[in-house]
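Structure assessment
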Amino acid sequence: MSEQKKDTFFVYTKKDCGFCHRAIKLIKDKGLHHIHMDMTENEELLKKIQEELNWKTVPIIFKFSYRDQVFIGGFTDLCDLLETK
């Protein structure tokens, strides 16, 4: 089993976000494990997360590998990460 297969991607999304849907599809197409949380109805928490990360858009993507948590960024950052593996 490759290292990537052991990773879990956590994705904050919003219902009407095209890049969010594309990020989830890419993760699924690569056969990777993911969890996503729709923040459409929780704007206040989403804004707190965005402020903490200094990130203004969704999706907001993290990669978890065992105990390590890495902030990936958005859809384009996810594409860059997965294309280099």
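Preceding this paragraph is the structure being described.
A few points on the structure. (Residues numbered from 1 in each chain as written. Predicted model: local features only at pLDDT ≥ 70, side-chain atom pairs only at ≥ 80, totals over all residues. Heavy atoms only, no water.)

Turning our eyes to something else, we now look at the pairing of strand β4 (residues 68-73). Bridge count between strand β3 (residues 60-65) and β4: 5 bridges; the pairing is antiparallel. Bridge pairing in β4 links S65 to D68. (Pairing = 2+ DSSP bridges. Helix = DSSP H or I, 4+ residues; strand = E, 2+ residues; numbered from the N terminus.)

What follows covers the sheet that holds strand β2 (residues 33-38). The strand order across the open sheet built from 4 strands is β2-β1-β3-β4, with neighbouring strands paired in mixed fashion. The open sheet is flanked by β2 and β4, the only strands paired with a single partner. For this sheet, the mean inter-axis angle between neighbouring strands, taken without regard to orientation, is 20°. Here strand β1 (residues 8-13) runs beside β3; their pairing, made up of 5 bridges, is antiparallel. Residue pairing for β3: T8 is matched across the bridge by F64. Packing of helix α2 (residues 18-29) onto the sheet brings it into contact with β1, β2 and β3, and relative to β1 it is tilted by some 165°. Contacts from helix α3 (residues 43-53) reach β1, β3 and β4 within the one sheet, and its direction differs from that of β3 by about 70°. (Axes fitted to C-alpha atoms, helices over the stretch in contact; angles between N-to-C directions. Contact = heavy atoms within 4.5 Å.)

Right, let's get into the pattern of salt bridges. Enumeration according to the criterion identifies 5 salt bridges in this entry. Here D29 makes a salt bridge to K25, at a shortest N to O gap of 2.6 Å. You can see D29 and its partner K25 sitting in helix α2, 4 residues apart, about one turn around the helix. Judged by relative accessible area, which is 54%, D29 ranks as exposed. (Salt bridge = Lys/Arg side-chain N within 4 Å of Asp/Glu carboxyl O. Buried < 20%, exposed > 50% of the residue type's maximum accessible area, 1.4 Å probe, protein only.)

Let's shift gears to the side chain of T13. Assignment of secondary structure puts T13 in strand β1. Here T13 falls in the buried class, since its relative accessible area comes to 6%. Those residues in contact with T13 that lie beyond four places of it in its chain are C20, I24, H36, M37, D38, M39 and T40.

A complete count under the given rule lists 7 aromatic pairs for this structure. Both rings, one in F10 and one in Y12, keep their centres 4.9 Å apart while their planes meet at 75°; by these two values the pair is edge-to-face. Classification of F10 by relative accessible area gives buried; the value is 17%. Residue Y12 is classed as buried on the basis of its relative accessible area, which comes to 15%. Aromatic pair F10 and F64: ring centres 6.5 Å apart, planes at 85°, arrangement edge-to-face. One end of the pair, F10, is in strand β1; the other, F64, is in strand β3, and 54 residues separate them in sequence. Assessed through its relative accessible area of 29%, F64 is described here as partly exposed. Among the aromatic residues, ring-to-ring pairing joins F10, Y12, W55, F62, F64 and F71 into one connected group. (Phe/Tyr/Trp six-rings, centres within 6.5 Å; stacked < 30°, edge-to-face > 60°.)

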